[in-house]
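Here is how the chains run, residue by residue.
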Amino acid sequence: MVSASTEAAPAASPVVTSIAPAAPVAAPAPKAAPAASGAQGSIKVEAPMPGKILAVKKNAGEAVKSGEAILILEAMKMENEIVAPQDGTIASINVSVGDAVESGATLATLD
């Protein structure tokens, strides 16, 4: 005699999940950009890496030659000169000494 084995599947118990919604986390308030001196120029001088501004060598309205230092940026314990990409006049300096900047941030503009 062959008997068929019948296994009863366990009854599915109801799953109760009570997860309270997480409180919304407010995004950090964006830091107000320093007032730019004069109008924005057409040539942007951007930060090549994240760092801290140690010195501002030029002011808005000053003429600069290609390769002349505009700012000093400290990154990884090294002082890096941020230089003018071409001859022109400083239209604006968008940072101040002590500011922390991210890579790609516009530090200054030239006309």
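Counting restarts for each chain: residues are numbered from 1 in the order of the written sequence. In keeping with the predicted nature of the model, local features appear solely for residues at pLDDT of at least 70, side-chain atom pairs appear and are counted solely at 80 or more, and the whole-chain, interface and lining totals rest on all residues. In computing side-chain properties, one takes all heavy atoms of the structure into account and sets aside hydrogens as well as water.

Visitor: Quick question: what am I supposed to make of the overall build of the chain here?
Guide: For the purposes of this entry, the term helix denotes a DSSP run of H or I that reaches at least four residues, the term strand denotes a run of E that reaches at least two, and both are numbered from the N terminus. Of the regular secondary structure elements, the chain holds zero helices and eight strands. When the helices and strands of the chain are read in sequence order from the N terminus, they spell out β-β-β-β-β-β-β-β. In the chain, which comprises 111 residues, the proportion classed as buried is 26%. When contacts within the chain are restricted to residue pairs at least 6 apart in sequence, long-range pairs at least 24 apart make up 61% of them. Only the protein chains shown count as cover for residues, with accessible areas throughout obtained via the Shrake-Rupley method and a probe of 1.4 Å. Here the chain displays about 7,900 Å² of accessible surface, and carbon together with sulfur accounts for 57% of that area. The buried label applies to any residue whose accessible area, calculated with a 1.4 Å probe on protein chains only, is under 20% of its type's maximum; exposed applies above 50%, and partly exposed to all values in between. Any pair of residues with heavy atoms lying within 4.5 Å of one another is described as a contacting pair.

Visitor: Would you mind going over the environment of Ala-63 with me for this structure?
Guide: Relative to the elements of secondary structure, Ala-63 occurs in strand E3 (residues 63-64). Residue Ala-63 is classed as exposed on the basis of its relative accessible area, which comes to 57%. Linking Ala-63 and Thr-89, residues 26 residues apart in sequence, is a C-alpha distance of 4.2 Å. For Ala-63, the residues in contact, after removing those within four places along its chain, are Lys-58, Glu-68, Gly-88 and Thr-89.

Visitor: For this particular structure, what's the right way to read the nonpolar core?
Guide: A general trend in soluble globular proteins is that nonpolar side chains are found buried together. Among the buried residues, those of types Ala, Val, Leu, Ile, Met, Phe, Trp, Tyr and Cys that are joined through side-chain atoms within 4.5 Å form a nonpolar core. The biggest cluster of nonpolar side chains holds 17 residues, and the ones touching the most others in it are Ile-70, Leu-71, Ile-93, Val-95, Val-101, Leu-107 and Leu-110. For this core, the elements supplying multiple residues, two or more each, are strand E1 (43-46), strand E4 (69-75), strand E6 (88-93) and strand E8 (106-110).

Visitor: What exactly am I supposed to notice about the pairing of strand E5 (residues 78-83) here?
Guide: Where a strand is regular, its side chains alternate between the two sheet faces. Relative to E5, E4 runs antiparallel, the two sharing six bridges. If you follow Ile-72 over to E5, its bridge partner there is Glu-81. Here E4 folds back onto E5 in antiparallel fashion, the turn holding two residues, of which Met-76 has a positive phi close to 55°. Here, any two strands with at least 2 DSSP bridges between them count as paired.

Visitor: Even after reading the chapter, I still don't get the sheet that holds strand E2 (residues 51-56), so can you show me in this structure?
Guide: Across a sheet, strands are paired by hydrogen bonds formed along the backbone, either parallel or antiparallel in direction. With respect to topology, four strands assemble into an open sheet ordered E5-E4-E2-E7, the strand pairing being antiparallel. The open sheet has two free edges, formed respectively by E5 and strand E7 (100-101), since each of these has just one partner strand.

Visitor: Would you take a moment to explain the pairing of E2 for this structure?
Guide: Note that E2 and E7 share two bridges and pair antiparallel. Looking at the pairing, Gly-51 lines up with Val-101 of E7. Pairing of E2 with E4, which is carried by four bridges, proceeds in the antiparallel orientation. Directly across from Ile-53, in E4, lies its bridge partner Leu-73.

Visitor: Explain unusual backbone geometry here, please?
Guide: Excluding glycine, residues mostly carry a negative phi; peptide bonds, for their part, are mostly trans. Residue Met-76 is not a glycine yet carries a positive backbone phi of 55°. Residue Lys-77 is not a glycine yet carries a positive backbone phi of 65°. Mapped onto the elements of the fold, Lys-77 is located in the loop between E4 and E5.

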